[in-house]
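# Examining the three-dimensional arrangement
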Amino acid sequence: MTTSIETLSTTALLNELISRGILSQNQADSATKKAGRAAEKAAKTAALNKLKVQITEAVTGGSARVYSVKETGNSTGIMNLVEAERSQVLKALTQLTAEGVFRKVGLVGGVEKPTSEVNAFQIRYIFDAAVPAEEEEVAEEEVAEEGK
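Below or above, wherever it landed, is the structure these notes cover. (Residues numbered from 1 in each chain as written. Predicted model: local features only at pLDDT ≥ 70, side-chain atom pairs only at ≥ 80, totals over all residues. Heavy atoms only, no water.)

A few words now on the overall build of the chain. Looking only at helices and strands, one finds five helices and five strands in the chain. Ordered by position from the N terminus, the helices and strands of the chain form the series α-α-β-β-α-α-β-β-β-α. Split into buried and exposed, the 148 residues of the chain put 20% on the buried side. For the chain, the share of sequence-separated contacts (at least 6 apart) that also reach a separation of at least 24 residues comes to 42%. For the chain, the computed accessible surface area is about 10400 Å², with 53% contributed by carbon and sulfur atoms. (Helix = DSSP H or I, 4+ residues; strand = E, 2+ residues; numbered from the N terminus. Buried < 20%, exposed > 50% of the residue type's maximum accessible area, 1.4 Å probe, protein only. Contact = heavy atoms within 4.5 Å. Areas by Shrake-Rupley, 256 points an atom, 1.4 Å probe, with all protein chains shown as cover.)

Quick look at the pairing of strand β5 (residues 123-127) now. With five of five residues buried, β5 is to be regarded as a mostly interior element. What you see with β5 is no split at all: Ile123, Tyr125 and Phe127 on one side and Arg124 and Ile126 on the other are buried throughout. Inspection of the sheet shows strand β1 (residues 66-68) paired to β5 by two bridges, in the antiparallel sense. Counted as the bridge partner of Val66 is Ile126 from β5. Bridge count for strand β3 (residues 102-108) against β5 is five bridges, and the pairing is antiparallel. Across the sheet, Phe102 pairs through a bridge with Phe127, a residue of β5. (Pairing = 2+ DSSP bridges.)

Moving on to the environment of Ala47. Within the secondary structure, Ala47 sits in helix α2 (residues 25-61). Residue classification places Ala47 among the partly exposed residues on the basis of a relative accessible area of 45%. Taking the C-alpha atoms as reference points, Ala47 and Ala84, 37 residues apart in sequence, are found 10.0 Å from one another.

A few words on the side chain of Ser68. Within the secondary structure, Ser68 is located in strand β1. Apart from residues no more than four positions distant in its own chain, Ser68 is found in contact with Ser75, Thr76, Gly77, Ile78, Ile123, Arg124 and Tyr125.

Enumeration over the complete set of coordinates arrives at three salt bridges. Between Arg20 and Glu16 there is a salt bridge, with its nearest N and O atoms 2.7 Å apart. The residue Glu112 makes a salt bridge to Arg103 at a minimum N-O spacing of 3.0 Å. Arg103 sits in the partly exposed class, given a relative accessible area of 33%. (Salt bridge = Lys/Arg side-chain N within 4 Å of Asp/Glu carboxyl O.)

Moving on: the sheet that holds β1. If you walk across this open sheet you meet the five strands as β2-β1-β5-β3-β4, and the pairing is mixed. Sheet topology places β2 (76-77) and β4 (111-113) at the edges, where each strand pairs with a single neighbour. Direction of pairing for β1 relative to β2: parallel, over a ladder of two bridges. Bridge assignment links Tyr67 to a residue of β2, and that residue is Thr76. Against the sheet, helix α4 (residues 86-98) engages β3 and β5, with an angle of about 110° to β3. (Axes fitted to C-alpha atoms, helices over the stretch in contact; angles between N-to-C directions.)

Within the largest apolar cluster, 18 residues are counted, with the highest numbers of intra-cluster contacts made by Ile55, Val59, Ile78, Val89, Leu93 and Phe102. Secondary-structure elements contributing two or more residues to this core are α2, α4 and β5. What Val59 contacts, discounting residues up to four positions off in sequence, is Tyr67, Ile78, Leu81, Phe102 and Phe127. (Core = buried A, V, L, I, M, F, W, Y, C linked by side-chain atoms within 4.5 Å.)

Here we come to the pairing of β3. One ladder, built from three bridges, connects β3 with β4; its direction is antiparallel. Pairing of Gly106 across the sheet is with Lys113, part of β4. Connecting β3 to the antiparallel partner β4 that follows it, the hairpin turn spans two residues, and Gly109 within it adopts a positive phi of roughly 60°.

Have a look at this one:
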């Protein structure tokens, strides 16, 4: 009796490969665990991307310019705008900063300082409704070319 590979589920395919001696049980267990880890990672990535969209939408619609993870006297807290764990908000803000949506600064007495010169409680995220960093670079190159 021959079995078509297209009709087998992942588990059935692994069992078939084990029965034919192509894979050992250890290799099959390893492949199952690896697939499980990949699925978990994909789910976490999707949740983080959804959170990034929620943060961007909340910030774009708001009137504040300075944000922090939790609300302070001089900044709006991102955690008040979206429902998520603090660690997830920090990951999303880090990625949004790398993408140019936010600018990470140290804010001491209303004066911006480099983040290396302030403590963790003084870190703020500035939302500039201007163009993201990649588009700014393209715009600068176009202006430079027009000036030639």
